[in-house]
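Listed here are the chains, written in short residue letters.
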Amino acid sequence: MAAIPKPEELANISFRPPGRKWMDTKPEFKEGTHCHAAAPKWLEWLDYPFPRSWSTYDEDWKLPKNWKEIFLVGFNDRLNKYRSLRLFMDICVRCGACADKCQFFLGTGDPKNMPVLRAELMRSLYRRYHTTAGKILGRLAGARELTEDVVKELYYYLYQCSECRRCSAFCPYGIDMADITILGRELLSSIGLGIEWAMASVGSCFKIGSHIGSPPHAFKDMLEFFADECEVVTGIRPRVPVNEKGHEILFIMPSGDYFADPGTFNCMGYLLLFEYLDLDYTISTFAAEGGNFGYFISHEMGKRLNAKFYAEAKRLGVKWILGGECGHMWRVINQYMDTWNGPADFLEEPVSPITGTKFENAKSTKMVHICEFTADLIKHGKLNLDPSRNAHIVLTFHDSCNPARAMGLLEEPRYIIKNVLPPGHFYEMPENTIREKNFCCGSGSGFNADEYLPIRLRGGFPRASAVRYVHEKYGVNHVGMICAIDRAVFPPLMDYWVPGVDITGIHELVGNALVFPGERERVVDLRKRPLKGKEKEAEKFLEEVM
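Right, let's walk through the structure included here. (Residues numbered from 1 in each chain as written. Predicted model: local features only at pLDDT ≥ 70, side-chain atom pairs only at ≥ 80, totals over all residues. Heavy atoms only, no water.)

### With respect to the overall build of the chain
- When helices and strands are counted, the chain shows 24 helices and seven strands.
- Over its C-alpha atoms the chain spans a radius of gyration of 24 Å, differing by no more than 12% from the 24 Å that the globule rule assigns to 546 residues.
- Along the first, second and third principal axes, the C-alpha atoms of the chain reach 80 × 50 × 40 Å.
- Per-residue burial over the chain gives 62% buried out of 546 residues. (Helix = DSSP H or I, 4+ residues; strand = E, 2+ residues; numbered from the N terminus. Rg over C-alpha atoms; globule rule 2.2 N^0.38 Å. Buried < 20%, exposed > 50% of the residue type's maximum accessible area, 1.4 Å probe, protein only.)

Here it is as structure tokens:
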């Protein structure tokens, strides 16, 4: 792990641009500023080209002999295939509306992290090889040759974009920087350049079934363990139907919800909710990963990983799919599934078996977000909830980038929160940092790597600043979110910038608040923390069960 400066050092950001012109300013590959190169075995697992051992610190990156031709042919192919990419190359007027909207620019002060200039890294090649002015005038027209130094610069800065699309929300032309980033990463992948964290996650998911490389029996064992934990806290042991055919619903969650805290408590919330409803569902060990890191590498890899949802739905004979709290899983489903793998005509249009609500927005994908499902249950009075069980929690809500900006999932999580927390226990962060304008966690699109932590913390600085505001003004002690990557990376982000603030998924709060017929008296929450006013009873209870 890279050495981490103290917060006061990392917060000392200089926005003075370099003295040299941007084309002459090369990135410095020093510890903490970039992710490690992908190991060859992941590329071999994925049948990706040019697997080899190389290092970002080396002068020679061992590029294939015809790397330039591969890159330029690939660029041309994508310009012809994606009309959007050509538009994004042509229509930017460099107004700068996006400049201060990127958390990586705000956190690093590096001008090339302004979305407009990050896109210019690609646009300069477009001008040189695809416009008359660029071919004739070169630098005078903002064009430059493709060299190894340019490839290194692309690797450095395209992997300092989390594809959050906040800049796109402010762009007067609607330019999608995430699309430029992902297509640039595709080109880097075509010549064997990828980052270890993303390639390892995708390789593990493709070969084993989840990004963490958890085999089917380990996944099932974890679910059984969570059922045991639910029973300890509530006296109710939820069923765990795994790989069972003939059920109505297939439930898919991200691996972060069964692999590591605090996601594990969210998973317990799912299981308790489904047990409360006596829901006719199953879980698949072969579609054990809702997340799609493939999207962070290429469209084709995203398509390959998304396909398993529907293959399992067909194999198990379900009617429709219910999906858990994940971020990029939902951008892929909402914006890409029909083009990549759909439409899923062999499934039925989702209808809640509890309320009868028809989820018309899922008419084509046949997949419903768990927050839509639960908000509908609460609206129809189908859940007995005791918000006082969450009285020890004062919450703010982080709009995870992909569900917020990619699918407009803004009100449903808030509706759930307001029904599972006591009045006065929920506070919004400042208006220009939430909903469609939310700041990214700074670690999306495959940036979870520990060697990248200083940049992750810099990228998360604007988000953490908004949390600090409500923490100091209202006593907020928890941040709620509906993204597994957020739940994984927020703890170190908060520990660094806003100590004393914990992280929670929304369905952990639902699990805390659910009142079961015949349950034991609740004195602790799903984390075994004392409920407010039950401290003495909780101490005695924990002595008995621990």
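### Structural notes on the sheet that holds strand 5 (residues 395–397)
- One open sheet holds the three strands; their spatial order is 5-6-7, and the pairing between them is parallel. With one partner strand each, in any of the chains shown, strand 5 and strand 7 (502–505) form the two edges of the open sheet. Each adjacent strand pair in this sheet contributes to an overall mean axis angle of 35°, direction not counted.
- Set on the sheet, helix 22 (residues 484–497) makes contact with strand 6 (478–481) and strand 7; between it and strand 7 the angle comes to about 165°. (Pairing = 2+ DSSP bridges. Axes fitted to C-alpha atoms, helices over the stretch in contact; angles between N-to-C directions. Contact = heavy atoms within 4.5 Å.)

### Some thoughts on a negative patch on the surface
- A cluster of acidic residues, Asp58, Glu59, Asp60 and Glu148, forms a negative patch at the surface.
- Here Asp60 shows up in the loop between helix 2 (40–46) and helix 3 (67–81).
- Overall, Asp60 belongs to the partly exposed group, its relative accessible area being 49%. (Patch = residues over 30% accessible without salt bridge, like charges linked within 9 Å, V, L, I, M, F, W, Y side chains within 5 Å. Areas by Shrake-Rupley, 256 points an atom, 1.4 Å probe, with all protein chains shown as cover. Salt bridge = Lys/Arg side-chain N within 4 Å of Asp/Glu carboxyl O. Lys, Arg positive; Asp, Glu negative; His and termini not counted. Charge placed at Lys NZ, Arg CZ, Asp CG, Glu CD.)

### Here we look at unusual backbone geometry
- Asp261 connects to Pro262 through a cis peptide bond whose omega is 5°.
- Along the polypeptide, Pro262 turns up in the loop between helix 13 (256–259) and helix 14 (263–277).
- Here the amide bond leading from Gly342 into Pro343 is cis, since omega sits at -5°, within 30 degrees of zero.
- Phi at Asn243 takes a positive value of approximately 55°, unusual for a residue other than glycine.

### Concerning helix 8 (residues 148–158)
- A large share of helix 8 lies buried, amounting to nine of its 11 residues.
- Listing the buried residues of helix 8 in full gives Val150, Val151, Lys152, Glu153, Leu154, Tyr155, Tyr156, Tyr157 and Leu158.

### Examining empty space enclosed by the protein
- This structure, assessed with the given rule, holds four cavities of 30 Å³ or more.
- Its boundaries defined by the atoms lining it, the largest cavity holds a volume of some 170 Å³.
- Along the walls of the largest cavity sit 18 residues, with Cys92, Cys98, Val116, Cys171 and Ile175 positioned nearest its centre.
- Elements that contribute at least two residues to the lining of the largest cavity include exactly helix 6 (115–130) and helix 10 (177–190).
- Grouping the amino acids of the lining of the largest cavity by side-chain chemistry returns 15 nonpolar, one polar and two charged. (1 Å grid on protein atoms, 1.4 Å probe; cavity = no way out; pocket = protein on both sides within 12 Å on 5 of 7 lines; lining within 4 Å. Points joined across faces, edges and corners; volume = space filled by probe spheres on them. Nonpolar A, V, L, I, M, F, W, Y, C, P; charged D, E, K, R; others polar.)

### Brief notes about the pattern of salt bridges
- Enumeration according to the criterion identifies 36 salt bridges in this entry.
- Taking the shortest distance from any N to any O, the salt bridge between Arg315 and Glu312 comes out at 2.8 Å. One end of the pair is Arg315 and the other is Glu312, both in helix 15 (residues 299–316) and three residues apart, which spans about a single turn.
- Owing to a relative accessible area of 36%, Arg315 belongs among the partly exposed residues under this scheme.
- A salt bridge links Arg414 to Glu428, with the nearest nitrogen and oxygen atoms 2.6 Å apart. In this pair, Arg414 is assigned in helix 19 (residues 411–420) and Glu428 in the loop between helix 19 and helix 20 (453–459), connecting sequence segments 14 residues apart.
- You can call Arg414 buried: its relative accessible area is 1%.
- Given a relative accessible area of 27%, Glu428 falls into the partly exposed group.

### Things to note about the pairing of strand 7
- Pairing geometry for strand 6 and strand 7, over four bridges, is parallel. Of the residues in strand 7, the one forming a bridge with Met481 is Gly505.
- For the segment spanning strand 6, helix 22 and strand 7, crossover handedness is right-handed. (Right-handed = clockwise from strand over helix to strand, strands pointing away.)

### Side note on the packing of aromatic side chains
- Applying the stated criterion to the full structure yields 27 aromatic pairs.
- With a centroid separation of 4.8 Å and 75° between ring planes, the pair formed by Tyr156 and Tyr157 is classed as edge-to-face.
- Residue class for Tyr157 comes out buried when judged on its relative accessible area of 5%.
- Pairing Tyr427 with Tyr474 gives two aromatic rings, centres 4.2 Å apart and planes at 5°, and the pair type is stacked. Linking Tyr427 in the loop between helix 19 and helix 20 with Tyr474 in helix 21 (residues 461–474), this pair joins segments that are 47 residues apart in sequence.
- Taking the relative accessible area as the measure of exposure, Tyr474 reaches 33% and is therefore partly exposed.
- The positively charged end of Arg166 is found above the aromatic ring belonging to Phe439, 3.7 Å away from the centroid.
- Positioned over the ring face of Phe206 is Arg304, at 4.4 Å from the centre of the ring. (Phe/Tyr/Trp six-rings, centres within 6.5 Å; stacked < 30°, edge-to-face > 60°. Lys NZ or Arg CZ within 6 Å of the ring centre and 35° of its normal.)

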